[in-house]
Amino acid sequence: MTDVAAANVLMMVLSASLGINIAFWCAVGLARFVAEIGSGRRIENPTAIGIADVAVVIPAHNEEIALPKCIAALTAIIPARQIFVASDGSRDATVAIARAAGCRALDIQPNGGKAKAIDKAINHYRLCDRYQAVLIQDADSEIDRHYFEHALPLFDDPNVAAVAGHVLSRWREQRWPSMDMLYAAYRTRLYRILQTAFQYGQSWKWTNVSYIAPGFASMYRASALRQIDITAPGLVIEDFNMTFEVQRKGLGRVAYSPKARCSSEDPFTLNDYRKQVQRWYLGFWQTVRRHGVWPSRFWLSLGGLLAELLVISLFALALPVAAVVYLATGIEAPALSLSELAVHPVSPLGLLALFLAVDYALTFVVAVIECRPSMLLYGIAFPVIRLLDAALFLRALFKSFSAQSDGRWVSPERYAAAVPAGR
């Protein structure tokens with residue numbers, strides 16, 4: 001086989017490999033859906049843990065703008081005395097706002113990072129002794145009023161150690177499209193795909209390979225939380241590590257219901273988006289390196305996903321470059337013959353067109369499901385954001401070999417006028 005033939009066969013193999021994970025987990029998710037519909041699973045009468053058994057911890061750093069809406073949504077479904085705000089070195093009115101709303105507020109000075117703030121609040125108020133479950137929620141998130149109705153019954157299974165919340169991007173209705181809504185539109189598509197294709201199937205009791213209980217609004221059984229090293233050194237974020245701790249130590253299952261919802265505020269600017277995504281990816285790779293590989297179903301699933309993400313990232317970044325070179329040189333690869341089968345390699349320009357077509361098709365499907373026609377306009381820019389994500393993903397991998405983080409963070413810019421869409 002010639003070098004050109006080998007290169008084209010490799011390109012076809014790589015192209016065919018894209019989407020294997022998503023197809024597999026969609027099939028698993030469908031099997032779960034059918035099984036649970038068939039079993040007639042009921043959630044109307046939770047018995048193991050009630051709302052009175054839940055404490056809420058909100059780590060906050062200068063969140064005077066976002067915190068009032070967060071607390072207002074919570075106090076509509078849980079007493080304020082069960083809400084504990086861990087103010088991590090705040091210099092604004094974060095502490096005063098929390099206390100005025102009837103919540104407990106721990107004023108931590110100086111700031112030590114989100115993970116340490118969570119840990120200090122849990123220990124200071126002895127939450128694992130006083131409550132059966134702890135909800136950890138970001139200060140810029142607004143919980144759905146039915147969250148506990150769907151999340152708490154999952155703890156009826158004694159094997160459940162944590163419940164991952166279902167994240168919704170906070171859609172702000174606007175007359176005209178705007179740059180600040182581009183990131184919320186992109187995240188709307190991303191969350192719909194990831195949670196439908198991966199989280200739903202990976203959290204099934206027969207699979208149990210979830211790699212993330214997102215820190216924006218996830219609950220932990222108190223007995224499991226005692227055994228989790230929340231403040232593991234050198235990590236920029238805590239939620240990946242906490243989930244890996246559950247899986248590595250065999251503390252139980254990470255459960256998930258798409259009805260246990262909470263909306264989260266997305267970045268308004270490109271710079272805030274870049275910093276947030278880089279922080280997430282770096283925290284992920286740091287966690288992978290900290291825990292290493294161990295023989296398990298969890299790593300069989302995660303390893304396959306990592307391999308595919310690396311291939312997709314390299315493929316996405318190389319494709320525009322290859323297309324430009326192709327246009328500049330005008331060189332076309334010849335047709336190849338393999339075992340009497342004529343294989344006509346697709347040009348980089350054709351692959352780029354296919355990539356863009358598939359990407360926009362995903363946008364169209366999600367726009368219909370979400371009833372968001374404006375996503376069709378925002379979707380034109382989504383491939384550019386995907387390229388940025390791919391570059392940040394690979395950059396974070398290399399950075400994880402040297403970066404040692406203390407967990408301290410700066411909240412992105414908040415806008416008082418930002419309001420939820422009332423989903």
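Residues numbered from 1 in each chain as written. Predicted model: local features only at pLDDT ≥ 70, side-chain atom pairs only at ≥ 80, totals over all residues. Heavy atoms only, no water.

Visitor: What is the right way to read the overall build of the protein from this model?
Guide: The helix and strand tally for the protein stands at 15 helices and 10 strands. Across the 423 residues of the protein, 51% fall into the buried class. Counting only contacts in the protein whose residues sit at least 6 apart along the sequence, the fraction spanning at least 24 positions is 79%. Carbon and sulfur atoms provide 62% of the accessible area of the protein, an area that totals close to 19,700 Å². (Helix = DSSP H or I, 4+ residues; strand = E, 2+ residues; numbered from the N terminus. Buried < 20%, exposed > 50% of the residue type's maximum accessible area, 1.4 Å probe, protein only. Contact = heavy atoms within 4.5 Å. Areas by Shrake-Rupley, 256 points an atom, 1.4 Å probe, with all protein chains shown as cover.)

Visitor: What am I meant to see in the state of the cysteines here?
Guide: Within this structure, the stated rule accounts for zero disulfides. Left without a disulfide partner, C103 is nearest to the cysteine sulfur of C70, which lies 8.6 Å away. On the basis of relative accessibility, which here comes to 5%, the residue C103 falls in the buried class. (Disulfide = S-S within 2.5 Å.)

Visitor: Just checking my understanding: could you explain the packing of aromatic side chains for this structure?
Guide: The geometry of an aromatic ring pair is captured by the separation of the ring centres together with the interplanar angle, meaning the angle of the planes. Taken as a whole, this structure holds 15 aromatic pairs when the rule is applied. Considering the side-chain rings of F240 and F284, the 5.2 Å spacing of their centres and the 65° angle between planes classify their relative orientation as edge-to-face. Of this pair, F240 sits in helix α10 (residues 239–248) while F284 sits in helix α11 (residues 270–291); the two residues are 44 residues apart in sequence, bridging distant segments of the chain. Note on accessibility: F240 and F284 belong to one class, buried. Pairing F284 with W285 gives two aromatic rings, centres 5.4 Å apart and planes at 65°, and the pair type is edge-to-face. Clustering of aromatic rings is evident, with ring pairs tying together Y211, F240, Y281, F284, W285 and F393. (Phe/Tyr/Trp six-rings, centres within 6.5 Å; stacked < 30°, edge-to-face > 60°.)

Visitor: Just to check I follow, could you spell out the packing of α11 against helix α12 (residues 297–329) for this structure?
Guide: Relative orientation and spacing of two packed helices are given, respectively, by the angle between their axes and the distance between those axes. In the contact formed by α11 and α12, the axes pass within 14 Å of each other and the chain directions differ by 135°. Here α11 is positioned oblique relative to α12, judged by the angle of their axes. Once α11 is placed against α12, the crossing between them reads as left-handed. Across from F284, W285 and V288 in α11, the residues of α12 making contact are W299, L302, L306 and L310. (Axes fitted to C-alpha atoms, helices over the stretch in contact; angles between N-to-C directions. Parallel < 35°, antiparallel > 145°, perpendicular 65-115°, else oblique. Left-handed = near helix turned anticlockwise from the far one by under 90°.)

Visitor: Hey, could you run me through the environment of A217 in this one?
Guide: Relative to the elements of secondary structure, A217 occurs in strand β7 (residues 217–221). Counting along the chain gives 51 residues from A217 to H166, while the straight-line C-alpha distance between them is 8.0 Å. For A217, the residues in contact, after removing those within four places along its chain, are L135, I136, Q137, Y147, G165 and C262.

Visitor: Any chance you could explain the pattern of salt bridges here in plain terms?
Guide: Side chains bearing opposite charge may pair, as long as their charged atoms lie close to each other. All told, the structure shown has 15 salt bridges when counted by the stated rule. As a salt-bridge pair, E238 and K114 come within 3.4 Å of each other at their nearest N and O atoms. Here E238, found in the loop between α9 (222–225) and α10, pairs with K114, found in helix α5 (residues 114–124); they are 124 residues apart in sequence, far enough to count as distant. For E238, a relative accessible area of 3% puts it in the buried group. For K114, a relative accessible area of 11% gives the class buried. In this structure, the salt-bridge partner of D157 is R253, at a minimum N-O distance of 3.2 Å. (Salt bridge = Lys/Arg side-chain N within 4 Å of Asp/Glu carboxyl O.)

Visitor: I tried to follow the environment of I108 on my own but got confused; where do I start?
Guide: With respect to the element layout, I108 can be found in strand β3 (residues 104–108). Along the chain, I108 and S87 lie 21 residues apart, while their C-alpha atoms are 5.8 Å from each other. Once you skip the residues sitting within four places of it in the chain, I108 turns out to touch A86, S87, D88, G89, A117 and K120.

Visitor: Help me out: how do you make sense of the side chain of R170 in this one?
Guide: Structurally, the position occupied by R170 is in the loop between β6 (160–169) and α8 (179–202). Of the residues examined, R170 reaches a relative accessible area of 4% and is grouped as buried. For R170, the side chain forms a polar contact with the side chain of E265, separated by 3.5 Å. (Polar contact = N/O pair within 3.5 Å; in protein donor to acceptor, adjacent residues only side chain to side chain.)

Visitor: I'm lost on the confidence of the model for the protein in this one. Help?
Guide: Regions with low pLDDT should not have their predicted coordinates read in detail. Averaged over all residues, the pLDDT of the protein equals 86, while 85% of them reach at least 70. With pLDDT under 50 throughout, residues 1–7 is counted as low confidence; its partners more than four residues away or in other chains account for seven contacts. (pLDDT = per-residue confidence, 0-100.)

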